[in-house]
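# Examination of the molecular architecture
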Amino acid sequence: MGDLIDKSDQKRDVDGLLFACTLNGRGGANSVEWEELGPALDKSEPLWVHLDHSSSEIRNWIVEKSGIDATLIPAFLADE
């Protein structure tokens, strides 16, 4: 996992992932890249993910792979 970098001020990546990290519970965090999201979901550490919900790739990931309860997905994809 790389250095902690906030991509929100940079041009948005095509994949829609703006920022992601695992939180270690002691005030520290480790950056998570797109290809590491799946394995990071399976770890016991909390995962913080900042996404561009207008990205079709992100919308598909939220619906198909995120593990978010289906009743909550509309709220994650809402424009507000």
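Calculation rules
Residues numbered from 1 in each chain as written. Predicted model: local features only at pLDDT ≥ 70, side-chain atom pairs only at ≥ 80, totals over all residues. Heavy atoms only, no water. Pairing = 2+ DSSP bridges. Helix = DSSP H or I, 4+ residues; strand = E, 2+ residues; numbered from the N terminus. Axes fitted to C-alpha atoms, helices over the stretch in contact; angles between N-to-C directions. Buried < 20%, exposed > 50% of the residue type's maximum accessible area, 1.4 Å probe, protein only. Arc of directions from axis to C-beta. Contact = heavy atoms within 4.5 Å. 1 Å grid on protein atoms, 1.4 Å probe; cavity = no way out; pocket = protein on both sides within 12 Å on 5 of 7 lines; lining within 4 Å. Points joined across faces, edges and corners; volume = space filled by probe spheres on them. Nonpolar A, V, L, I, M, F, W, Y, C, P; charged D, E, K, R; others polar.

### Digging into the sheet that holds strand β1 (residues 17-23)
- Strands sit in the order β2-β1-β3 across an open sheet of 3 strands; the sheet is antiparallel. A strand with exactly one partner marks an edge of an open sheet, and here the two such strands are β2 (29-31) and β3 (47-51). When the angles between neighbouring strand axes are averaged without regard to direction, this sheet yields 25°.
- Relative to β3, β1 is paired through 5 bridges, and the arrangement is antiparallel. Residue pairing across strands places T22 opposite L47, the latter belonging to β3.

### Digging into helix α2 (residues 56-64)
- Of all the positions in α2, only I58, W61 and I62 are classed as buried. Each buried residue of α2 lies within a common arc of 100° when the element is viewed along its axis, so the set occupies one face. Exposed side of α2, more than 90 degrees from the buried face: S56 and E64 are the residues found there.
- In the core, the buried residues of α2 are packed alongside β1, α1 (37-41), β3 and α3 (73-77).

### Quick look at the layout of surface pockets
- Considering only enclosed or pocket space, the largest pocket measures out at about 210 Å³ in volume.
- Taken together, L41, L47, V49, H50, L51, H53, W61, I62, S66, I68 and F76 make up the lining of the largest pocket.
- Elements supplying a minimum of two residues to the lining of the largest pocket: β3 and α2.
- Take the lining of the largest pocket: its biggest share by element is 4 residues, from β3.
- Of the residues that constitute the lining of the largest pocket, the class distribution is 8 nonpolar, 3 polar and no charged.

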